[in-house]
Structure formats: structure tokens, C-alpha cells
Amino acid sequence: MSSKEWPLWEVFIRSKQGLSHKHVGSLRAADAQMAIDNARDVYTRRSEGISIWVIESKLVTASDPDESAELFEPADSKIYRHPTFYNVPDGISHM
Amino acid sequence: MSTKNIEELEKEFQAKIDADIKIEPNDWMPEAYRKTLMRQISQHAHSEIVGMLPEGNWITRAPSLKRKAVLLAKVQDEAGHGLYLYSAAETLGLDRESSIDDLHSGKAKYSSIFNYPTLSWADMGTIGWLVDGAAIMNQVPLCRCSYGPYARAMVRVCKEESFHQRQGFEIVSLLANGTPEQKQMVQDSLNRFWWPALMMFGPNDDNSPNSAQSVKWKIKRMSNDELRQQFIDVTVLQAEMVGLTIPDKDLKWNEATGHYDFGAINWEEFNQVIQGNGPCNKDRIDARRNAKENGAWVREAANAFAEKRKKKELTH
Ligand SMILES: [Fe+2]
Ligand SMILES: [Fe+2]
């Protein structure tokens, strides 16, 4: 009996032309092609997709949730990056 | 690494839960939260997988090609549900292989309902109607569970479940409006599955010691008794509509509470089934073990094929 466990793959599906691929979950498979075949059966049984990406889970590098405060803080303080920061005189339109 | 002590971390964790902020795999969580979820999600996954067996029993004997195609699609969905859930449990550090070994050794539990036999075609109707119906009642609140991967898996599962319940109720209502023999067959099926379906919601709240903690962690959003009552209230009307009789002489509308009163559940039977002494426990586990052993060559072939394909790619 084989004790070799299949690697874990993250699955991304494009639901229709014009939209980006979106993470839908993960599954195990012996290689990338079989991961795509399995993803077809597991995640697109009701025409949820027209394109599938798979990537081995161990290849994903994620940001550290413990450091998310420091990591994302610089964006929080820069409210001038949003259009609502600016005053536009009454009567001005198309802006 | 965080320098906060465990009390601070626990306080922050509970504050997130209270604020309805989802917990994701890499976030800090108390060990007990992780353990509780791993147990619940893996039991749920096992239930989906074992749940294929009672219905698989009728695929080759479905009365028409249409019913066969529908039943196949439903059973295939259940396999998918099992996979979503094993994957969700793996994000908590569950080892899938050893979890499946625990199922096969009898150490891990799964829903008691799947230890009852499917004796007639009408059972395919009753299972979709009552068993998937009860599962939906349980699973809808889980879509708001505090653990992100579990909640997301439940959203997918719930979308798929509604077809399961409808195809079952269609079978039930056709038989209930059929010949006297057909009506008898579906009434007999309801008689056998009604009480086990009510047991699917688990012990009474007074006998469910871990529930309070699960509610505090927002793993559980409604109590066993609340869900059971909700299920009875909607199902009684459905049975009436198709002219079937719920096998409970104490079932009675209660004007004051706005709910149906119902008879005593046989918890002794429930405990026996949970402990492995139900009518089909042994069959179910044997079937799972055989499937794994007899399917070993498929997994080996997949590995060999992957190796071969890799070599080919390297030489090109
Ligand atoms: Fe399911
Ligand atoms: Fe189902």
C-alpha cells in the first residue's frame, strides 16, 4: 500500500471571461494536471468556472497576521489617497 | 513572534469573535478552539463520506434513468462536501490520512443517521427530504461560523444541499400520491426515519456540556433543541401537504408557544448507535475500509503516472 501522501494544491477559478481567478479552496492530487482534473470535479460541478489555476500550497508565501498592524498601517494614515479627501466647490460636476 | 501573554491573546481573540471578525488559519487561536473545530469539522467530513453509502445502495436499482442520474449527482455532491470539509480541517493542522484512519478504526464519530439501513426506494425520498433537510437546518447557521474556512465551505455546501432536499421531497410526494402500495411504502419509510432524523440535532441542550463554549466562540449559533424545534415546525406541514402521518402520537400544535409539542426521543437508542451498536455501523465502516484498501492501486497508479509525466517533462 502506498504511504506517499499527495501534495496539497490551492485552487483558483475564473468564473467567467473578464473576471479574475479567485481562490475557492484546496485539494490533494499526485501532480498539477491531476489537481486540475480533480478541481474540475470538486469545484465546477455546476458550471462555476471556465478556467482553473492550481498551485502547490507549500509554494504560497503569506504575510504574517501578527504583523498586519505594522504592515498595513502606512495606508491607513494616507487618507489623501482617496478622492473624498478633497473639497470640490458646489456646482462642479463630472469630477 | 508575539510577546503577549496567553491571557492577552485570549482576550483579543474573544474580542474579535464578539465583533464578528472571522478567524483565519494563520491567526492566533486558543488550542481548545482549534481542537473543538478540528473534531467538529472532521466528524462533519466523515458524515458526508459515510453518508454516501446508504444512498449508494440504490444507484443501481433506481426506478428510471432520470432518477439514477439525479441520485448519482447527489451522491457525488456528498463526496465533494467531504472534500471541502477535510480541506477546511487541514487548515487547522489536521492530518487527513490519520483522521481517516481514526474513522476506520471506530475512534472518530460521524452522524448517527447513516447507521440505519435503506430498505426501499422510498428511503431515497425520505433521506433527501428529512436527512438533507435536517442537515440544512444545522448547516445554515454554520455559514456564519467564526472560523473562515469552515464558514466558506458551508456556504458552498448549503447552495448544493437545496437540490438534495427537493429531489427527495419530489420522490416522497410522487409516491404519496401514487398507488396504495406506493403510499404504504413511503409511509413506512417515514415511520423508520422520523425519529433518527430528530436525533441528528444531537442531545438535548441540558445534556450537551460543550455547547455553551461553542456558542461563545460562535462556532455554534443555535442550540440543538432550537434547531430540532425549527425542523419539526416546518416538516410537519410538509408531511400534511402530501398526506403522510408523522409517527408521533404526542405531536400537537401548541398555541401558546407557537411551536409543535412532540413526544419523547429515545436517547438510549441514540447512544447505542453513537457507540457503534446501530443496525449498520459495522457495514458502514467495513465498506469504507474496503474502499480504501481496494482503491490503493488507483492511488499508486496516480503516483506512478505523476512520476512518469515528470520524467518526460524533464527530458523534453
Ligand atoms: Fe452533504
Ligand atoms: Fe446532501
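The rules behind the values
- Residues numbered from 1 in each chain as written.
- Chains lettered and ligands numbered in written order.
- Predicted model: local features only at pLDDT ≥ 70, side-chain atom pairs only at ≥ 80, totals over all residues.
- Heavy atoms only, no water.
- Helix = DSSP H or I, 4+ residues; strand = E, 2+ residues; numbered from the N terminus.
- Rg over C-alpha atoms; globule rule 2.2 N^0.38 Å.
- Buried < 20%, exposed > 50% of the residue type's maximum accessible area, 1.4 Å probe, protein only.
- Contact = heavy atoms within 4.5 Å.
- Areas by Shrake-Rupley, 256 points an atom, 1.4 Å probe, with all protein chains shown as cover.
- Disulfide = S-S within 2.5 Å.
- Donors = N, O, S within 2.8 Å, 3.2 Å for Na, K, Ca; no water.
- Tetrahedral: all angles 85-135°; square planar, octahedral: opposite > 155°, others 65-115°.
- Pairing = 2+ DSSP bridges.
- Axes fitted to C-alpha atoms, helices over the stretch in contact; angles between N-to-C directions.
- Buried area = accessible area lost by both parts, 1.4 Å probe.
- Salt bridge = Lys/Arg side-chain N within 4 Å of Asp/Glu carboxyl O.
- Polar contact = N/O pair within 3.5 Å; in protein donor to acceptor, adjacent residues only side chain to side chain.
- Nonpolar A, V, L, I, M, F, W, Y, C, P; charged D, E, K, R; others polar.
- Phe/Tyr/Trp six-rings, centres within 6.5 Å; stacked < 30°, edge-to-face > 60°.
- Core = buried A, V, L, I, M, F, W, Y, C linked by side-chain atoms within 4.5 Å.
- Expected span 1.5 Å × (residues − 1).
- Arc of directions from axis to C-beta.
- Parallel < 35°, antiparallel > 145°, perpendicular 65-115°, else oblique.

Caption draft 1: How the structure looks around the overall build of chain B. Of the regular secondary structure elements, chain B holds 13 helices and two strands. A compact globule built from 316 residues would reach a C-alpha radius of gyration of about 20 Å, and chain B, at 22 Å, matches this within 12%. Buried positions account for 50% of the 316 residues belonging to chain B. Contacts spanning at least 24 positions in sequence make up 77% of the contacts within chain B whose residues lie at least 6 apart. About 15,700 Å² of surface is accessible on chain B, with carbon and sulfur atoms providing 56% of the total.

Caption draft 2: The state of the cysteines, seen in detail. All names here are of chain B. Under the counting rule described, the total for this entry stands at zero disulfides over all chains. You can see C143 has no disulfide; the closest cysteine sulfur is in C158, sitting 3.7 Å from it. A disulfide-free cysteine, C145 has its sulfur positioned 9.6 Å from the sulfur of C143, the nearest such atom. Taking the relative accessible area as the measure of exposure, C145 reaches 0% and is therefore buried.

Caption draft 3: Structural view of the coordination of the iron ion (ligand 2). Residues and elements named next belong to chain B. Around the iron ion (ligand 2), the protein contributes the donor atoms E78 (OE), D132 (OD), E161 (OE) and H164 (ND1), which lie 1.9 to 2.2 Å from the metal centre. Its four donor atoms give the iron ion (ligand 2) angles of 84 to 169° at the centre, a pattern that matches the irregular case. Along the chain, the residues that donate to the iron ion (ligand 2) are spaced as E-x53-D-x28-E-x2-H.

Caption draft 4: Structural view of the sheet that holds strand β3 (residues 51-56) of chain A. Residues and elements named next belong to chain A. Strand order in the open sheet formed by three strands is β2-β1-β3, with antiparallel pairing between adjacent strands. Whereas interior strands pair on both sides, the edge strands pair on one side only; in this sheet they are β2 (22-28) and β3. Neighbour to neighbour, the strand axes of the sheet diverge by 30° on average, direction disregarded. Inspection of the sheet shows strand β1 (residues 8-14) paired to β2 by six bridges, in the antiparallel sense. Residue pairing across strands places I13 opposite K22, the latter belonging to β2.

Caption draft 5: Looking closely at the environment of A35 of chain A. Residue and element names in this part refer to chain A. Here A35 is to be found in helix α1 (residues 32-43). Overall, the relative accessible area of 0% leaves A35 in the buried class. C-alpha of A35 to C-alpha of L8: the two residues are 27 residues apart in sequence and 8.9 Å apart in space. Ignoring sequence-local partners within four residues, the contact set of A35 consists of W9, L27, A29 and V54.

Caption draft 6: Summary view of the coordination of the iron ion (ligand 1). Residues and elements named next belong to chain B. Those protein atoms acting as donors to the iron ion (ligand 1) are E48 (OE), E78 (OE), H81 (ND1) and E161 (OE), and they sit at 2.1 to 2.3 Å. Its four donor atoms give the iron ion (ligand 1) angles of 84 to 154° at the centre, a pattern that matches the irregular case. Between the donor residues of the iron ion (ligand 1), the gaps in sequence give the motif E-x29-E-x2-H-x79-E.

Caption draft 7: Region of the structure containing the interface of chain A and chain B. The partner chain B presents 26 residues to the 21 residues of chain A that form the contact. In this assembly, chain A packs against chain B so that about 2,100 Å² is buried in total across both faces, 50% of it on carbon and sulfur atoms. The tally of links from chain A across to chain B stands at seven salt bridges. The interface formed by chain A and chain B includes 11 residue pairs in polar contact (both at pLDDT 80 or more). Class assignment for the residues of the side of chain A that touches chain B results in 10 nonpolar, three polar and eight charged.

Caption draft 8: The packing of aromatic side chains, seen in detail. By the definition in use, this model includes 12 aromatic pairs over all chains. For the ring pair Y80 of chain A and F85 of chain A, a centre distance of 6.2 Å and an interplane angle of 70° mean the geometry is edge-to-face. Owing to a relative accessible area of 42%, F85 of chain A belongs among the partly exposed residues under this scheme. On the numbers, 6.2 Å between centres and 80° between planes, the contact of F13 of chain B with W28 of chain B is edge-to-face. Pair noted here: F13 of chain B is in helix α1 (residues 6-18) and W28 of chain B is in the loop between α1 and α2 (31-50), with a separation of 15 residues, a long-range link. For F13 of chain B, a relative accessible area of 3% gives the class buried.

Caption draft 9: Structural detail: the nonpolar core. Counting 93 residues, the largest nonpolar core has L27 of chain A together with Y33, I41, Y147, Y150, W194 and F231 of chain B as the members making the most contacts within it. Discounting chain neighbours no more than four positions away, the residues touching Y150 of chain B are L37, Q40, I41, H44, L85, A88, L142 and C145 of chain B.

Caption draft 10: Quick look at the pattern of salt bridges. Following the criterion strictly, the structure yields 31 salt bridges over all chains and no others. One salt bridge in this structure joins R45 of chain A and E160 of chain B, with 2.9 Å as the shortest N-O distance. With R45 of chain A in the loop between α1 and β3 and E160 of chain B in helix α7 (residues 148-176), this pair bridges two chains.

Caption draft 11: Geometry of helix α12 (residues 281-294) of chain B. Residues and elements named next belong to chain B. Over its 14 residues, α12 extends 20 Å from the first C-alpha to the last, a length consistent with the 20 Å expected when each residue adds 1.5 Å. Listed as buried for α12 are N281, R284, I285, R288 and K292. All buried residues of α12 fall inside an arc of 95° around its axis, so they share one side. The exposed set on the far side of α12, more than 90 degrees from its buried face, consists of K282 and N294.

Caption draft 12: Seen up close, the packing of helix α5 (residues 96-105) of chain B against α12 of chain B. All names here are of chain B. Direction vectors running N to C along α5 and α12 enclose 140°, while the axes themselves pass 9 Å from each other. Taken together, α5 and α12 sit at an angle that is classed as oblique. Across the interface between the two elements, E97, I100, D101, L103 and H104 from α5 touch I285, R288, R289 and K292 from α12.

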